[in-house]
Every structure is written in structure tokens, then in C-alpha cells.
Amino acid sequence: MAEAAIELVGINKSFGTVHANRDINLVIERGSILGIVGENGAGKSTLMSILYGFYQADSGEIKVGGRPASIRTPNDAIALGIGMVHQHFMLVQNFTVIENIILGAENEALLKRSIANARSELERLEREYGLEVDPDAIIEELPVGLQQRVEILKALYRGADILILDEPTGVLTPAEADHLFRILGQLKEQGKTIVLITHKLREIMAITETVAVMRQGTIVATRKTSDTTVEELAELMVGRRVLLRVEKGAAKPAGVKLSVSNLTVRDSRGVTMVKDVSFDVRAGEIVGIAGVAGNGQSELLEAISGIRRAASGTVLLDGKPIDVTGHVDPGELRDRGLAHVPEDRHHVGLVLAFEESENSILGYHDKPQYLKGPFLDLDAIRADAREKIAKFDIRPPNDRLKTANFSGGNQQKIVLAREMEQDPGVLVVGQPTRGVDVGAIEFIHKQLIAMRDSGKAVLLVSVELDEIRSLSDRILVMFDGRIVGERTPDATEGELGLLMAGVEKQEAAE
Amino acid sequence: MELVDAIINVLNSTIRLSVPLLLACLAGLYSERAGVFDIGLEGKMLAGAFAGAAAAAVYGSAWIGLVMAVLVSVGLALVHGFASITHRGNQIVSGVAINFIAAGSTIILGQAWFNQGGRTPSLPAEGRFGAITLPFAEQLRDVPVVGHIYSGLLSGHSLLAYVAFLAVPFTWWVLFRTRFGLRLRAVGENPAAVDTAGISVTWLRYRAVICTGILTGLAGSYMALSQNAGFVKDMTAGRGYIALAALIFAKWKPVPAMFACLLFGFLDALSIRLQGTPLPIVGRVPVQFMQALPYVLTVILLAGFIGKAIPPRAGGVPYVKER
């Protein structure tokens, strides 16, 4: 067995009554890639924050390179060669790359020499690891993938041997994620030790050698990646068997509920994002729209749900037009039976500062069942919220809790419960499981299938190809604002992938 | 020649009137660049002016006055820091509280100590920072243009005025060429980045508010020990707020801050100069209108002419380590 870079022995950490880490024992081998998986709130980030000196453990010992180490501040961790790439980048947005890299690692009171040093050091890192980035670029003008690279460079510039990455692919496109994995592979070749925290099992399988599974603050299993399967890991994470592939019967499509024809939508900069798109969604079927993020799916959803004005085209709901090129009142759409689960639940779907019960009726708050004269009927609203909490297994089951205090998966369930329980004829859903735990994903998928089976029309937009394939009855692929193909769910991932990359379109043009 | 003299005259008082604005504006710049909004510049200036005048009156030394002004002002800055950095209180509330404390306590203490209706005794020459005559200013007085500018405009100000204008390039250098400045700017934009880089956010912000205290102390000293010969109640008369407006106008940058303060000083000087003077076309304008002019123009400038002023991103938000 290889030498241990870091050894964690009996780590415990509590926040108030929450036991975030319980008796953690973990060995991280030098020169390897270790994955730590677990649902949100399983204690992964807390554990790594302890290792990086952001928090102190209540008890337990950390050994770095075999010697006991006291890590009280990030400075201690940096001195021991531990670097961290945070989930939310710790970059100063209006600084240049080089200013961000030297921040906190300037070796003297004046900047001139530090900057010169950093410049030559950056060139060396660029040569060694192929980590190219313009040192004078302003961070906020760089794409997310490059910003992340700056974070990695920051850690390497400080001499990190052990690199911790917290949910590094959450903000990346699939291509950027692949690029990141190649970089991590190179770093490993050079003898660096890498710890990858994620809840995406596919990543774990792709690049790690060892994987530790956390659940409710403890490490429940450690496996060699080659000896395990996605199914086993999912089960270990959730603590019960999880169906990654949804079970569903054949669809029984009936009449057309939603009909989109020749829809063209421009974004706020005036760029045409949706180009002449037409399709129908029937009652009793799920139509999935696949595509790499940014190919017009978001704008399509927004136009249909009345949030964004379309440039041209028509949309019929139950055969009657929606004035998509004029003024649409989303409230009126709700009355007509079109429910919308927005892609971005934090900005559009929920008011995070509201109580759960308030969010669970938002948008439907003027329905008579929630009103007593001109006032809200709070008792009725709360009773209704409690019903939804029970039905959708929203945890913690507290309708008075501030929405911000729910986990991502449970917030999403609040939105879904609100929209589904109004019994809409058409459900338009964007990214239903983004940032949601494996267990909750399974539940949400089942609910969507149940909607379909009860004869509703469901339009699903997701960048997760697996999700599209397992839920949809028909798959439309969007590329560069157009629908470039329609496939059945039996289509292979490779075939859909090519369509999503716009390959067939080019061939057709030739 | 009369016109030249008149222009030199207005410009000269522009400089004099700009100095307290400039010192206060740079004071605010240090604090706000570090992410601590400071609406209490006014109060710190006022308290500094009072402490400076009182000490200078008692000890008969301008320098002792200056030291006291700075100490009191830094003390109040630390109170603001304690409330808003250590205890993560609301920065606006804390700043307003400091303004009230300063406005009230200077009058009460002044009355109790000196019995002159809240004033401090008139200061003798050695209790003030007098005009400094630059070398050769007398000899060059009669040289056209150059001499006028050198002798009439640049020479003859108090030491603190020269300090104020030298503080502009110095502040620029500190912000953009030193480690302290880099960290100061970073902590005002993204304190979490500073924290994870292993730097103490708290200590860094405290150092920033101390800088603010020193500069507001100088601003108060200038008003009580140079511009006037002693403290008069409410003598800052809203300059702390105008300095804040100038800071926004200047988008939190030192050199534009200087020009913004000179502009506001110029408007002030012009309004004084034109009082009672009949203007072409409109004729005699009421004094009150001229006095309101700088404020009216401030509103217009801030509302329309500066484009988008983006404050430091973490400004006004106490730093809480996220779980």
C-alpha cells in the first residue's frame, strides 16, 4: 500500500445539535485520486473544511505525511501543502488573475516583486501542467471553467501537494468537466494527491481510484472504484436501494395539449436563442428536450411560461392561443392549467426568506381556498402546506421553517408540490433535479411519471442526458436554437450526444 | 487684471474649501474599499474638530490639538468597527449613531468646559496651523500667470492642506502598489477569498477603519485649527455627507476623488463669491439660492452624470463565515 498523505483519525464535529462529522477515520494515499460521495448535508464539506482549517474538529487527530498536524487556520493548511478549490470560487471578481493568485501569498509589503515572481511561476506551472490562462485577464470576464483553473493555480502557486476539490463540476459544462478531469489526471501523474468531493457518481467512476461514501456524518464504506458500481454507491449513499432507472409503463398519448409553432425568441442582449421551433406535447406523454446548456432551452421555457416575450410564433394551450409575442400574465396561464417549474428555483421559483407554507401557495395565493375575504386564510394555507409536506416527503416537515433552511432537494420538492398539486393539464419543468440528492431525484422522477400516467402533458427540459432518456417518451434535441432531431428513448447516448453537438446538422448541410 | 485676480481668488478658496472634503473623502475611501460603509464621517470630523480645538485651546499648541483630534476620531472609528466588524451590526445605524453622539456631545462638553455656548475659546496663532509661504513666493508674485498661480494659488495654505493633496497620490500608491492595498481592496470585494487565503478579515477591516479615523481627524483639525480659530457647534455642516457623495461620484478611486472634491469646493467658493453680486440677465439672486447651489448640483451630478457607480461588492455586509 502506498504511503498516506493524510490520515484522519476519529474526527468529530458538531454544530449545535447537528453532529456533522462522527468518528471519521480516513486514509488518503499519496499520489492518488480519492472521491468522497454523499448526499447534501452528509458532512463531506464539513470534513474538508476541517482539513483546510476553516473549522476545528471537536475531537480527533489529523496526520499529514505521518506526523500529527495542528490545522487551526487556512494558513496552517497551506503551509502543510493542502490546497482547496471551493465550490463557490474564492476569487475577487474585479481583480486580475495574477492579483488573485498572489492574494495572501505576497512575500513582501510592496507588490512589484511578488507580481514578477508570480508571473514566472505561472509560466512554469503552465508548462508543467498545461494550465494556460492569461495572467492579466479580469476574473469576471473569464468563463467559469477558466475561473476554476485560476483556483487550481492559486493552490499550486502556494505549493499544494494535496488538492481538495469541492463539487468542482457543479458549474461546468460537460466539455469543461472533461477538461478538468484531464488536468486532474495530469496532476496525479506528477505526484499530487487529489480529493474530489461530489454527489455525481458518474464522475467518481470516471476518475477516482478509491471512493469513500458518507452518510449522516459518518463514513459508511470505502471502496476501490474498480470493485464497485454506481448502483452500489447510490445505495450506500441513500441507505436503501435506489432505482437509477425509472420504471414506467408505455405512454398512452391522447390529444394535443400544448402546441408550439415557429417560435422565435431573443435573449436580453438581442441574440436569437430560439429559432423557428415547432413541436406538440400530447396528454399522457413526457416530451424531453435535450441539449447542452445554453442552446436555447432556457429561453424556450421562459417564452412558453410567459416570463419572456417571444419575437414571433404561436403557442396553443388546449387549442387556444397564448399571446407569447405580447403581454402574458403568468397568473392567467396558471388559471388555464399550465404549471411551470422554473430552472432556477432560487431566483424564480421560491422566495427563500419566506416560510415553507407561504412558498407552497405562491402564485396561487389568490385562489378562493386560501382566502378569507380580502385576507389570507393562514390556517387553510398551513393545513394545505402540511398536506403537501406529507405527500412529497418534504424534510424537515415544518411548514413554518424559512425556505432557505431546506436542502436543495427539498426546496425543489416544495416547488414541485406547489405546481403539481394544483392539478394542471400541462406541466412545464426545467432542470427538475439540478443540485438534488440521489434519493430525492428518484422521488421527483416517480412524481413526473405519475403526472404523465394521470393523463397530463409534461414538457421536460434538462441538461442531464440520463434524466431525459429515462423519463421521456419522445426526445427532442436542441442545438443552436433549433430542434435538430427527434428520437425515441431507445436512442443511444452516443447518437444523442452527436445531435447535441450539432454534428448531424453539419452533415446534412454538406 | 481684475478678472485674473478674481479667478485666482475663487480658485484659492476652492482649494481651501476642498481640503476638509478631500480628507474626509479619502477617509471614507479606506473604509468603504474594505467593505465597511461609513456614514459617520461627519460625526468623526466634528468630534475631531472639537477635540482638536479644545486641546489646542488648553495647551496652546496646534500639534497637541492635531494629536487629540486624531485620537478621538480614531476612537470613534474603532467604535464603528467594534459595532460593525466584531459584532456584525448594521453599518448605517452605527454610523448614524456616531453622528448623533458627536453632534450632541461636542456641544455639551464645550459648554461644560468653556462656557461659551458650545464654542471653544478663540485660538491664538500658535494654536493654529498658519499659512505656509512656499519658497520664492514673494519674489514671483508679480510674474504674470505663473507667478499668480504659484504665489496666489499654490502658496499660502496650511500644512494640512498640503497633506490632504499629497494624500491623494499616496492613497493611490497604497491601494494599488502595496500588499496592504491589495488585501484592502480584496476584502471589500470578497472577504471569503481573503479568509481562505489565510488572512484575517477582522484585523484587515480594523486597520482600514483606523486609516479612516486618522484622516477624519485631520479633516476636523483643518476645520478647527486652520480654516477657523476654534470650534463652533455643527461646524462641519454636512461636509461628511458631501464627502460621501464625492466618493460615490469618484467611484471609490483616489484621483477622481480629488477632482470631485475640488468640484464641490469650487461650487461652494462660487456661491460665496457670487453672493450679493448682480449677475448678467438674471440680476441679483437671493443668498439662499446661491447657498443651495452646491447641493442642487450634487443631486443633479449624482443622479445623471456619473454613469453607474458600482460600490465595493461586499460593502455594507458584515462577514460571516458560512457553514
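Model, not experiment: these values are computed from the prediction.

Reading the values: the criteria
Residues numbered from 1 in each chain as written. Chains lettered and ligands numbered in written order. Predicted model: local features only at pLDDT ≥ 70, side-chain atom pairs only at ≥ 80, totals over all residues. Heavy atoms only, no water. Helix = DSSP H or I, 4+ residues; strand = E, 2+ residues; numbered from the N terminus. Buried < 20%, exposed > 50% of the residue type's maximum accessible area, 1.4 Å probe, protein only. Areas by Shrake-Rupley, 256 points an atom, 1.4 Å probe, with all protein chains shown as cover. Patch = residues over 30% accessible without salt bridge, like charges linked within 9 Å, V, L, I, M, F, W, Y side chains within 5 Å. Salt bridge = Lys/Arg side-chain N within 4 Å of Asp/Glu carboxyl O. Expected span 1.5 Å × (residues − 1). Contact = heavy atoms within 4.5 Å. Buried area = accessible area lost by both parts, 1.4 Å probe. Nonpolar A, V, L, I, M, F, W, Y, C, P; charged D, E, K, R; others polar. Pairing = 2+ DSSP bridges. Axes fitted to C-alpha atoms, helices over the stretch in contact; angles between N-to-C directions. pLDDT = per-residue confidence, 0-100. Core = buried A, V, L, I, M, F, W, Y, C linked by side-chain atoms within 4.5 Å. Domains from an automatic or database assignment. Polar contact = N/O pair within 3.5 Å; in protein donor to acceptor, adjacent residues only side chain to side chain. Phe/Tyr/Trp six-rings, centres within 6.5 Å; stacked < 30°, edge-to-face > 60°. Lys NZ or Arg CZ within 6 Å of the ring centre and 35° of its normal. Disulfide = S-S within 2.5 Å.

Enquirer: What is the right way to read the overall build of chain A from this model?
Expert: Of regular secondary structure, chain A possesses 18 helices and 22 strands. Judged by the C-alpha coordinates and their principal axes, chain A covers about 70 × 60 × 50 Å. Burial statistics for chain A: of 510 residues in total, 53% are counted as buried. Accessible surface, chain A as shown: approximately 21800 Å² in total, 49% of it carbon and sulfur.

Enquirer: I'm lost on a nonpolar patch on the surface in this one. Help?
Expert: All names here are of chain B. Together, F136, L140, V143, V145, V146, I149 and L154 make up an exposed nonpolar region whose accessible area comes to about 620 Å². No other element matches helix α6 (residues 146-154), which puts three residues into the nonpolar patch. Along the chain, V146 falls in helix α6. Judged by its relative accessible area of 59%, V146 falls in the exposed class.

Enquirer: Got a minute to help me understand helix α14 (residues 408-420) of chain A in this structure?
Expert: Every α-helical turn comprises 3.6 residues, leaving residues that sit three or four positions apart pointing alike. Look at α14 of chain A: 18 Å from first C-alpha to last across 13 residues, which is about the 18 Å you get at 1.5 Å a residue. Burial of α14 of chain A is extensive: 13 of the 13 residues sit out of reach of the surface.

Enquirer: Mind showing me how you'd approach the interface of chain B and chain A here?
Expert: One frequent convention defines the size of an interface as the accessible area lost when the parts assemble. Across the contact, 24 residues belong to chain B and 29 residues belong to chain A. Each partner contributes to the roughly 2200 Å² buried at the junction of chain B and chain A, and carbon and sulfur atoms together form 58% of this total. The tally of links between chain B and chain A comes to three salt bridges. R185 of chain B serves as the salt-bridge partner of E99 of chain A, at 3.3 Å between the closest nitrogen and oxygen. Where the side of chain B that touches chain A is concerned, the elements lending two or more residues are α7 (159-177), α8 (179-189) and α9 (191-196) of chain B. Per-element accounting of the side of chain B that touches chain A gives the leading share, six residues, to α8 of chain B. Here the residues of the side of chain B that touches chain A sort into ten nonpolar, four polar and ten charged.

Enquirer: What is the right way to look at the sheet that holds strand β11 (residues 256-266) of chain A in this model?
Expert: Each strand in a sheet pairs with another by means of backbone hydrogen bonds, the pair being arranged parallel or else antiparallel. Residue and element names in this part refer to chain A. The strand order across the open sheet built from four strands is β12-β11-β14-β15, with neighbouring strands paired in antiparallel fashion. Each of the sheet's edge strands pairs with one partner strand only, and the pair in question is β12 (272-282) and β15 (320-322). Across the sheet, the mean angle separating the axes of adjacent strands is 25° when strand polarity is ignored. In this sheet, strand β14 (residues 312-317) lies alongside β11 in antiparallel orientation, the contact comprising five bridges. The residue bridging S259 from the neighbouring strand is L316, located in β14.

Enquirer: What should I look at first to understand the confidence of the model for chain A in this one?
Expert: Taken residue by residue, chain A gives an average pLDDT of 88. The fraction at 70 or more is 97%. The model gives residues 505-510 of chain A a pLDDT under 50, and that stretch makes four contacts with residues more than four places away or in other chains.

Enquirer: Would you mind going over the sheet that holds strand β9 (residues 210-215) of chain A with me for this structure?
Expert: Residues and elements named next belong to chain A. One open sheet accounts for six strands, arranged β6-β7-β8-β3-β9-β10; its pairing is mixed. Every interior strand has two partners, whereas the edge strands, β6 (82-85) and β10 (218-224), have only one. The sheet shows a mean angle of 20° between the axes of neighbouring strands, direction not considered. The pairing of strand β7 (residues 162-166) with strand β8 (residues 193-198) spans five bridges and is parallel. Bridged to L165 within β8 is L196. Helix α1 (residues 44-51) rests against β3 (33-37), β6, β7, β8 and β9 of the sheet, and its axis sits at about 150° to β8. Contacting β3, β9 and β10, helix α8 (residues 230-238) runs over the sheet at an angle of about 30° to β9.

Enquirer: Would you take a moment to explain unusual backbone geometry for this structure?
Expert: Leave glycine aside and you will find that most residues have negative phi; peptide bonds, for their part, are mostly trans. All names here are of chain A. Looking along the chain, the bond that leaves R395 and enters P396 is cis, with omega of -5°. Counting through the fold element by element, P396 comes out in the loop between α13 (378-392) and α14. A positive phi angle, close to 55°, is found at D318, a residue other than glycine. Residue position: D318 is located in the loop between β14 and β15.

Enquirer: For this particular structure, what's the right way to read the pairing of strand β16 (residues 338-341) of chain A?
Expert: Looking along a regular strand, one sees side chains alternate from face to face of the sheet. All names here are of chain A. Burial of β16 is two-sided: the residues L338 and H340 facing one way and the residues A339 and V341 facing the other way are all buried. Summarising the sheet, β16 and strand β19 (residues 426-430) pair through four bridges and their orientation is parallel. Bridged to V341 within β19 is V429.

Enquirer: Explain the nonpolar core to me, please; I cannot follow it from the model alone.
Expert: One broad rule of soluble globular proteins: the nonpolar side chains tend to lie buried together. Residues and elements named next belong to chain A. I152, L165, L184 and L187 are the most contacted members of the largest nonpolar core, which totals 114 residues. If near-sequence neighbours (up to four positions away) are discounted, L165 is found in contact with V85, I152, L180, L184, I194, V195, L196 and I197. Membership of the second largest hydrophobic core comes to 41 residues, among which are I389, V436, I449 and L496.

Enquirer: Quick question: what am I supposed to make of the domain arrangement of chain A here?
Expert: Residues and elements named next belong to chain A. For chain A, the assigned domains read domain 1 (4-238) and domain 2 (256-509). Computed from C-alpha atoms alone, the centre-to-centre distance between domain 1 and domain 2 is 34 Å. The interface is formed by eight residues belonging to domain 1 together with eight residues belonging to domain 2. Note on domain 1 versus domain 2: buried area summed over both sides is about 700 Å², and carbon and sulfur give 49% of it. The interface formed by domain 1 and domain 2 contains one salt bridge. Here D466 ties to R202 by a salt bridge, and the two come within 2.7 Å at their closest N and O atoms. On inspection of domain 1 and its partner domain 2, the count reaches one residue pair in polar contact (both at pLDDT 80 or more). No other element matches α8, which puts three residues into the side of domain 1 that touches domain 2.

Enquirer: What exactly am I supposed to notice about helix α3 (residues 62-86) of chain B here?
Expert: Residues and elements named next belong to chain B. The terminal C-alpha atoms of α3, which comprises 25 residues, lie 34 Å apart, in line with the 36 Å expected from a rise of 1.5 Å per residue. Structurally, the start of α3 carries an N-cap: the backbone nitrogen of W63 is 3.2 Å from a side-chain oxygen of S61. Phi turns positive one or two residues past the end of α3, at R88, with a value near 55°.

Enquirer: It is not clear to me how the packing of aromatic side chains should be interpreted in this structure. Could you clarify?
Expert: Here a ring pair, both rings aromatic, is described through the centre-centre distance and the interplanar angle of the planes. Counted according to the given criterion, the structure contains ten aromatic pairs over all chains. By way of ring pairs, the aromatic residues F50, W113, F114 and F231 of chain B are connected into one cluster. Looking at R334 of chain A, its charged tip hangs above the ring of Y364 of chain A, at a distance of 5.4 Å from the centre. Sitting over the face of the ring of F443 of chain A, K413 of chain A holds its NZ or CZ atom 5.0 Å from the ring centroid.

Enquirer: Even after reading the chapter, I still don't get the state of the cysteines, so can you show me in this structure?
Expert: A disulfide bridge is the covalent bond that connects two cysteines by way of their sulfur atoms. Residue and element names in this part refer to chain B. Scanning the entire structure with this criterion turns up zero disulfides over all chains. The cysteine C211 is free of any disulfide, with C25 supplying the nearest cysteine sulfur at 15 Å. C25 supplies the cysteine sulfur nearest to C261, a cysteine that is in no disulfide, at a spacing of 4.0 Å. Residue C261 is classed as buried on the basis of its relative accessible area, which comes to 1%.

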